[in-house]
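Working through the structure, step by step
Residue-level listing of the chains:
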Amino acid sequence: MPPANLLEASQHLLVSTIGFLGAGNMAGALVKGLLSAKVVPASGILVSDVSADRLSFFHETHGVRIASDNHALVRESDIVVLAVKPQVMGKVLEDMGGKVRSEQLVISVAAGVPTAVIESQLPQGARVVRSMPNAPATVLAGATAIARGSHATLRDLEVARTLFAAVGCVVSLDESLLDAVTGLSGSGPAYVMLMIEALADGGVKVGLPRDTALLLAAQTVCGSAKLLLDTGEHPGRLKDMVTSPGGTSIAGLAALESGGLRSALINAVEAATLRAKALTPR
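1. Description of the layout of surface pockets
In this structure, the second largest pocket spans a volume of roughly 770 Å³. Every residue lining the second largest pocket is counted, 28 residues in all, and those nearest its centre are Gly24, Ala83, Val84, Lys85 and Val88. Of all the secondary structure elements, the ones that give two or more residues to the lining of the second largest pocket are helix H2 (25-36) and helix H5 (86-96). Of the residues forming the lining of the second largest pocket, the biggest block, 5 residues, is contributed by H5.

Structure, rendered in structure tokens:
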């Protein structure tokens, strides 16, 4: 069952039609999450895409409605989710941007496309919220940052928060910080996968079977993250709780510190953030 606060926050969405322009993995994650959390019924979700196979998949898997084209989707939707790749965003907006109505909310999940760029292709005063979700949203464990454009209201931000809360945690930030979010949680799953792979390699080195080592490594990372989130404790305190004087954990931690793990992760977030800034249109 979804948490009560999510159900309460979603009441104003129950009569809305949410249109997903694009039927990729992130759209699939959001649709799955919205239906699982009962934020909106399948009849309240409309999807359009250039791929007939993807549309058939969405209809058969989730029971949602399919739009004949982007114009039909915009015409019938109260909320339009731009779930297309950044490189085709310009063409999509050129095609359907003029059809957006003042009472509609536009939510973008396209990485690196500022709200100002989207607003420039929409009618004056269009309400836009930009989001930066990450890959774990596809298993309803995502981390998403949202930022409102120049005309979006606080209520619009809450509507977006309700949508993304169905697939994980959500934070609201100034748009200027979304490149930093890209460097941390957007690219972060890649860093974590590398750490899991390395931990499993370590297990194999000391004699564990590969599949067992990988399972133990992945569950250790998953469980440790849950412990941190559920307790609200500082990670340093939780680290100290499992680090006995002269024990195994402190020996391992000393090896990590000598290898520069901490500074490497800090540098990775900074490098990815700088790259995101370089790729984002200004």
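2. What about the packing of aromatic side chains?
Applying the stated criterion across every chain yields a total of 1 aromatic pair. Centre to centre, the rings of Phe57 and Phe58 are 6.1 Å apart; their planes meet at 75°, and the pair counts as edge-to-face.

3. Section: unusual backbone geometry
Its identity is not glycine, yet Lys38 carries a phi of approximately 60°, on the positive side. Locating Lys38 in the fold gives a position in the loop between H2 and strand E2 (45-48). You can call Lys38 exposed: its relative accessible area is 51%. Despite not being glycine, Leu140 shows a phi value in the positive range, around 60°. The residue Leu140 is located in the loop between strand E6 (127-132) and strand E7 (142-148) in this model.

4. A closer look at helix H10 (residues 210-231)
The end-to-end C-alpha separation of H10 is 31 Å, in line with the 32 Å expected for 22 residues at 1.5 Å each. Gly232 lies just past H10 and shows a positive phi near 75°.

5. Here we look at the pattern of salt bridges
Counted by the stated rule, this structure contains 10 salt bridges. Among the salt bridges present, the one from Arg237 reaches Glu233, with a minimum N-O distance of 3.2 Å. Among the residues examined, Glu233 registers a relative accessible area of 30% and is labelled partly exposed.

6. Thoughts on the packing of H2 against helix H3 (residues 52-62)
The relative placement of two packed helices comes down to the angle between their axes together with the axis-to-axis distance. Look at H2 against H3: their axes get within 12 Å of each other, and the N-to-C directions meet at 15°. Between H2 and H3, the interaxial angle falls into the category roughly parallel. Pair H2 / H3 crosses with right-handed handedness. Contacts from Asn25, Ala27, Gly28, Val31, Lys32 and Leu35 in H2 reach Arg54, Phe58 and His62 in H3. Classifying every residue of the contact of H2 with H3 gives 4 nonpolar, 3 polar and 2 charged.

7. Thoughts on the side chain of Glu119
Here Glu119 lies in helix H6 (residues 115-120). With near-sequence residues (within four places) excluded, Glu119 lies in contact with Ala126, Val128, Gly149, Ser150 and His151.

8. Some points on the side chain of Thr182
Note that Thr182 resides in helix H8 (residues 178-186). With sequence-adjacent residues up to four places away left out, Thr182 is seen in contact with Met132, Ser187 and Ala276.

9. Some remarks on the packing of H8 against helix H9 (residues 188-205)
Running from N to C, H8 and H9 cross one another at 25°; their axes reach a closest spacing of 5 Å. Between H8 and H9, the angle is such that the two are roughly parallel. On H9, the residues touching Gly183, Leu184, Ser185 and Gly186 of H8 are Gly188, Pro189 and Tyr191. Considering only residue class, the contact of H8 with H9 consists of 3 nonpolar, 4 polar and no charged.

10. Concerning the pairing of strand E1 (residues 18-21)
Of the two faces of E1, the one holding Ile18 and Phe20 and the one holding Gly19 and Leu21 are both buried throughout. Handedness of the crossover joining E1 and E2 through H2: right-handed. By the bridge criterion, 4 bridges tie E1 to strand E4 (residues 79-82) in an arrangement that is parallel. Across the sheet, residue Phe20 finds its bridge partner in E4, namely Val81.

11. Notes on the environment of Asn25
Turning to its location among the elements, Asn25 is positioned in helix H2. For the pair formed by Asn25 and Leu35, sequence separation is 10 residues and the distance between their alpha carbons is 15 Å. Those residues in contact with Asn25, other than ones at most four positions away along the chain, are Arg54 and Thr138.

How each quantity is defined
Each chain has its residues counted from 1, running along the sequence as written. In keeping with the predicted nature of the model, local features appear solely for residues at pLDDT of at least 70, side-chain atom pairs appear and are counted solely at 80 or more, and the whole-chain, interface and lining totals rest on all residues. Side-chain calculation: all heavy atoms of the structure are included, whereas hydrogens and water are not. Throughout, the protein atoms alone are placed on a 1 Å grid, and a set of points is a cavity if a 1.4 Å probe fits but cannot get out or a pocket if it is open with protein on both sides within 12 Å along at least five of seven lines; lining residues have an atom within 4 Å of a point. Grid points are joined across faces, edges and corners, and a volume is the space filled by probe spheres set on the points. The numbering of helices and of strands both runs from the N terminus, where a helix is a DSSP run of H or I of at least 4 residues and a strand a run of E of at least 2. Each aromatic pair joins two rings of Phe, Tyr and Trp (for Trp, the six-membered one) with centres within 6.5 Å, and gets the label stacked for planes under 30 degrees apart, edge-to-face for over 60, and tilted for any other angle. Buried means the residue's accessible area, taken with a 1.4 Å probe over protein chains only, is under 20% of the maximum for its type, while exposed means over 50%, and partly exposed covers the values in between. Multiplying 1.5 Å by the residue count of a helix minus one yields the expected span of that helix. Counted as salt bridges are all cases of a side-chain nitrogen of Lys or Arg within 4 Å of a carboxyl oxygen of Asp or Glu. Think of each axis as a best-fit line through the C-alpha atoms, taken over the contacting stretch in the case of a helix, with angles from 0 to 180 degrees between the N-to-C directions. For classification, angles of less than 35 degrees are called roughly parallel, those exceeding 145 degrees roughly antiparallel, those between 65 and 115 degrees roughly perpendicular, and all remaining angles oblique. For any helix crossing, the convention is left-handed if the near helix is rotated counterclockwise from the far helix by under a right angle, and right-handed if that rotation is clockwise. Residues count as neighbours in contact if any of their non-hydrogen atoms are within 4.5 Å of one another. In this classification, Asp, Glu, Lys and Arg are treated as charged, Ala, Val, Leu, Ile, Met, Phe, Trp, Tyr, Cys and Pro as nonpolar, and every other residue, Gly included, as polar. Think of it like this: strands point away, you trace from the first strand over the helix to the second, and a clockwise trace means the crossover is right-handed. Should DSSP find at least two bridges between two strands, the strands are regarded as paired.

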